[in-house]
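Spelled out from the first residue to the last, the chains are:
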Amino acid sequence: MAVRKKGLRKVRSGGKLYYWRVEEITVPVPDEGFVSHTVARRVVHIISTNKQFIVHYTIPLPGDAHAELRVEGPLFPRKPGAKKIEIPRWKHDGKRYPTTDFVRRLIDYCMQEV
């Protein structure tokens, strides 16, 4: 089955084509007194054309020690079998809207074998 391309951006890395998009989600944060606050988080979704590489990168907020990466696809050479990993902060990961270069670097990071 093909990947739906509407509303997705393209990026090439390692000779392969990937599609990506940014989504803003709200995460409920419980507080005292039964009042819950919501925090807006931005998630970068990346998928390969053959659906073997699917990751979701949560852009860290200022003050976060690390960023979170969820893995759904079977292709993830950096840490095979992992479903969720913490990755170190990068120089430009705090920007509200990631660039194509940032997404390409993220894909290259995921494809490196440790």
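As the structure is a computational prediction, the values presented were derived from the model and not from experiment.

Calculation criteria
- Residues numbered from 1 in each chain as written.
- Predicted model: local features only at pLDDT ≥ 70, side-chain atom pairs only at ≥ 80, totals over all residues.
- Heavy atoms only, no water.
- Helix = DSSP H or I, 4+ residues; strand = E, 2+ residues; numbered from the N terminus.
- Buried < 20%, exposed > 50% of the residue type's maximum accessible area, 1.4 Å probe, protein only.
- Contact = heavy atoms within 4.5 Å.
- Areas by Shrake-Rupley, 256 points an atom, 1.4 Å probe, with all protein chains shown as cover.
- 1 Å grid on protein atoms, 1.4 Å probe; cavity = no way out; pocket = protein on both sides within 12 Å on 5 of 7 lines; lining within 4 Å.
- Points joined across faces, edges and corners; volume = space filled by probe spheres on them.
- Nonpolar A, V, L, I, M, F, W, Y, C, P; charged D, E, K, R; others polar.

Colleague: Tell me what's going on with the overall build of the protein, and back it up with residues and numbers.
Modeller: The helix and strand inventory of the protein stands at one helix and six strands. Element order for the protein, N to C, with α for helix and β for strand: β-β-β-β-β-β-α. For the protein, the residues scored as buried account for 34% of the 114 residues in total. Excluding contacts between residues fewer than 6 apart, the proportion of contacts in the protein whose partners are at least 24 apart in sequence is 37%. Within the structure as shown, the protein displays about 7600 Å² of accessible surface, and the carbon and sulfur contribution to it stands at 52%.

Colleague: Break down empty space enclosed by the protein for me, with residues and values.
Modeller: One pass over the full model with this rule turns up one cavity of 30 Å³ or more. In this structure, the largest cavity encloses a volume near 30 Å³. Forming the walls of the largest cavity are Tyr 57, Ile 59, His 92, Asp 93, Lys 95, Pro 98 and Phe 102. For the lining of the largest cavity, the residue count by class is four nonpolar, one polar and two charged.

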